[in-house]
Amino acid sequence: MTLDSSARLEVDPLIEDPATRIIVCCGAGGVGKTTTAAALGVRAAERGRKVVVLTIDPARRLAQSMGIDSLDNTPRRVEGIEGDGQLHAMMLDMKRTFDEIVEAHADGERARAILGNPFYQSLSAGFAGTQEYMAMEKLGQLRARDEWDLIVVDTPPSRSALDFLDAPKRLGSFLDGKFIKLLMTPAKMGGRAGMKFLNVGMSMMTGTLGKLLGGQLLRDVQTFVAAMDTMFGGFRTRADATYRLLQAPGTAFLVVAAPERDALREAAYFVERLAAEDMPLAGLVLNRVHGSAAARLSAERALAAAENLDEAGIVDQGPGKTGVRDTAAVSPESPSAGRSPEAPPAADGTSEVVAEVPEASAEQQSATAAGQTTQQMTAGLLRLHAERMQVLAREQRTRDRFTALHPEVAVVEVPALPGDVHDLTGLRTIGDRLATGGSARAGAA
Ligand SMILES: Nc1ncnc2c1ncn2[C@@H]1O[C@H](COP(=O)(O)OP(=O)(O)OP(=O)(O)O)[C@@H](O)[C@H]1O
Ligand SMILES: [Mg+2]
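Residues numbered from 1 in each chain as written. Chains lettered and ligands numbered in written order. Predicted model: local features only at pLDDT ≥ 70, side-chain atom pairs only at ≥ 80, totals over all residues.

In the nomenclature of an unreviewed UniProt entry, the protein is known as ArsA family ATPase of Streptomyces xantholiticus.

In structure tokens:
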């Protein structure tokens, strides 16, 4: 099976279509989600659209080049975009987003108490799923403002692409969890009855949890949870709304994956999950695909040629030297290196008798040595080429397995560039490859 067996993902029609309002770049950790999101943002903006890219944890140099190296949680216009479009970029600062919500929903002293609360600090900094949830929250906010033609969403560096979709449920089950329920019970009750419950609840907890956490901390936790309930008010309703947004026709998911077995297996799960959730998949971006400009020379032929060269190297050497082929070619100390380099420098013209033979021999020697070095280097290069061709073949097989499983998924290949992608030029190159795709194998680094 080859590239033709699945449709090619057409990126330009997707990003140019005014009906496309949200593109979500998903995928496992480190595959190139942030890079793809930023590259799509640049390309869409340079095709005239007003775009915002919501990035999460971008590499520092990339953030700097887009002017978003400070975490301020608001979209900033990116300089250097050509044409009439606009690119704005922002970096999701989860902790800051959390803090802002607390500040907005609690009065000064209470807010300070919550912000300084260790329970809050660890939760806001690292509760599994919060980052994913906050990304969705932010997406909801950006979409609600209706200020952008296109919102490109990067997703957090989760182990699994599925984490993004599971986050609201996970956060929901945390909020619905027994521990939280217990804490919430008194806080939710109003009036005197509430006070009674509060006291019962508090004394009960002071007896057990209080010993563990300390009374003050426990009150802090409770305050925090109560505040959180308000902050996320109608949490499930909002999560449902975001889910509906993700199912809407203006949304397109792109799954980014490396051409490796585990990565594509994971991508296959994600594709199935999107289908089960009725979320519109635009296609698969196969990122960092290897290619070769000399793909016509197969690994087998390259290896055979390398072996031939090695054998020729052995034959070319003087009799009795076959065992020291490698050193003979490069080492002046080898027995075949002759004496000429060490020949005494003749002050008054070299004695013909002494010099004649060794000089001829030295030329021969160096010619032979040079020839052998070239041969060895050629053989080495051929072996490198063979290795590269084996990588290509493995990537192709991996891709074919995915295509056999999901022939309906459009695919585009983006070659592995020689260096990191950390500026607009690099992002444009990725954008070009995303749009022209498919030819990665012929011209990649
Ligand atoms: N096609 C490519 N060629 C060369 N380098 C690439 C390519 N795509 C991505 N990179 C580089 O790979 C690294 C990881 O990319 P990126 O940060 O986009 O991945 P990610 O999926 O967002 O990672 P995380 O899951 O950690 O958020 C970056 O240094 C980026 O410059
Ligand atoms: Mg990333």
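Student: I tried to follow the confidence of the model for the protein on my own but got confused; where do I start?
Tutor: Close inspection of predicted coordinates is inappropriate in any region flagged by low pLDDT. Averaged over every residue, the pLDDT of the protein is 75; the share at 70 or more is 64%. For the stretch residues 186–203, pLDDT sits under 50, and the model shows 12 contacts to residues farther than four places along the chain or on other chains. Overall, residues 315–357 carries pLDDT values under 50, and its contacts beyond four positions in sequence, including any with other chains, amount to 37 contacts. (pLDDT = per-residue confidence, 0-100. Contact = placed C-beta atoms within 7 Å.)

Student: When you look at the site of ligand 1 in this model, what are you seeing that I'm missing?
Tutor: If you check the shell around ligand 1, you find 19 residues, and the closest are Lys33, Thr34, Thr35, Pro157 and Leu417. Elements represented by at least two residues in the shell around ligand 1 include exactly helix H2 (33–45) and strand E7 (281–289). Considering every element that reaches the shell around ligand 1, the biggest residue donor is H2, with 3 residues. Residue composition of the shell around ligand 1, by class: 8 nonpolar, 7 polar and 4 charged. (Near = placed C-beta within 6 Å. Helix = DSSP H or I, 4+ residues; strand = E, 2+ residues; numbered from the N terminus. Nonpolar A, V, L, I, M, F, W, Y, C, P; charged D, E, K, R; others polar.)

Student: Is there a simple way to explain the sheet that holds E7 in this structure?
Tutor: Working definition: the strands of a sheet are paired by backbone hydrogen bonds and lie parallel or antiparallel to each other. Strand order in the open sheet formed by 8 strands is E3-E4-E2-E5-E1-E6-E7-E8, and the pairing between neighbours is mixed. Of all strands in the sheet, those with a lone pairing partner are strand E3 (76–77) and strand E8 (411–415), marking the two edges. Here strand E2 (residues 50–55) runs beside strand E4 (residues 86–91); their pairing, made up of 6 bridges, is parallel. Counted as the bridge partner of threonine 55 is methionine 91 from E4. Helix H14 (residues 261–276) contacts strand E1 (22–26), strand E6 (251–257) and E7 of the sheet and is inclined by roughly 165° relative to E6. Its contacts with the sheet put helix H18 (residues 424–436) on E7 and E8, and the angle it makes with E8 is roughly 145°. (Pairing = 2+ DSSP bridges. Axes fitted to C-alpha atoms, helices over the stretch in contact; angles between N-to-C directions.)

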